[in-house]
Amino acid sequence: MDPAELRAAVLAVADWLHDDTLPAPSRPALAAAVRLTARALAQDLPGNAVEVRVPPFVAVQCCAGVRHTRGTPPNVLEARPREWLLVATGLADLDVAIAEHRISASGHRAADILAGLPIVRLRS
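Residues numbered from 1 in each chain as written. Predicted model: local features only at pLDDT ≥ 70, side-chain atom pairs only at ≥ 80, totals over all residues. Heavy atoms only, no water.

A. Region of interest: the environment of Thr 37. Of note, Thr 37 is situated in helix 3 (residues 27-44). On the basis of relative accessibility, which here comes to 0%, the residue Thr 37 falls in the buried class. Linking Thr 37 and Ile 119, residues 82 residues apart in sequence, is a C-alpha distance of 6.5 Å. Of note is the side chain of Thr 37, whose polar atom sits 2.8 Å from the backbone oxygen of Ala 33. (Helix = DSSP H or I, 4+ residues; strand = E, 2+ residues; numbered from the N terminus. Buried < 20%, exposed > 50% of the residue type's maximum accessible area, 1.4 Å probe, protein only. Polar contact = N/O pair within 3.5 Å; in protein donor to acceptor, adjacent residues only side chain to side chain.)

See the structure below:
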């Protein structure tokens, strides 16, 4: 993972993350930010115990533990792109986003990704 590429991708959508009344970034810019942050998380927390899904852009497995190979994994975190990026950049708290049903988490290990957050810190 190239840290400069990751940071550039996040900075390309930063204004929108700070102000959701602005027009959404282009699909390629949004896709790059989502994919690179999710893949950075998987790189920082290697393993297969938790699956992080950000449809339609990416799904990664991370966190050490029991490997899951068939069907729906027992530990899944799923978010819309903007919600994922808010958490990935430290602009939102994962526990709050889960409690407010802005991010879906199933399984007792889904919140283990907290160990890798934020991925790229943006100032609020």
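B. How the structure looks around the sheet that holds strand 1 (residues 50-54). Taken in spatial order, the four strands make up an open sheet running 2-1-3-4, and their pairing is mixed. The open sheet has two edge strands, strand 2 (58-62) and strand 4 (103-106), and neither has a second partner. Averaged over all pairs of adjacent strands, the angle between strand axes in this sheet comes to 15°, irrespective of strand direction. By the bridge criterion, four bridges tie strand 3 (residues 76-79) to strand 4 in an arrangement that is antiparallel. (Pairing = 2+ DSSP bridges. Axes fitted to C-alpha atoms, helices over the stretch in contact; angles between N-to-C directions.)

C. Structural detail: helix 1 (residues 3-11). The set of residues buried in helix 1 consists of Leu 6, Ala 9 and Val 10. One side of helix 1 carries all its buried residues, which in axial view fall inside an arc of 95°. Taken together, the buried residues of helix 1 touch helix 2 (14-18) and helix 3. The N-cap of helix 1, judged by a side-chain oxygen 3.1 Å from the amide nitrogen of Ala 4 a few residues on, is Asp 2. (Arc of directions from axis to C-beta. Contact = heavy atoms within 4.5 Å.)

D. Spatial organisation of the packing of aromatic side chains. Scanning the model with the defined rule gives zero aromatic pairs in all. Arg 82 extends its terminal NZ or CZ atom over the ring of Trp 16, reaching a point 5.4 Å from the ring centre. (Phe/Tyr/Trp six-rings, centres within 6.5 Å; stacked < 30°, edge-to-face > 60°. Lys NZ or Arg CZ within 6 Å of the ring centre and 35° of its normal.)

E. View of the nonpolar core. Among the nonpolar cores identified, the biggest contains 42 residues, and Val 52, Cys 62, Trp 84, Ile 113 and Ile 119 are the most heavily contacted of them. Going through the elements one at a time, helix 1, helix 2, helix 3, strand 1, strand 2, strand 3, helix 4 (81-88) and helix 5 (94-99) are the ones with two or more residues in this core. A per-element tally of this core places helix 3 first, with nine residues. (Core = buried A, V, L, I, M, F, W, Y, C linked by side-chain atoms within 4.5 Å.)

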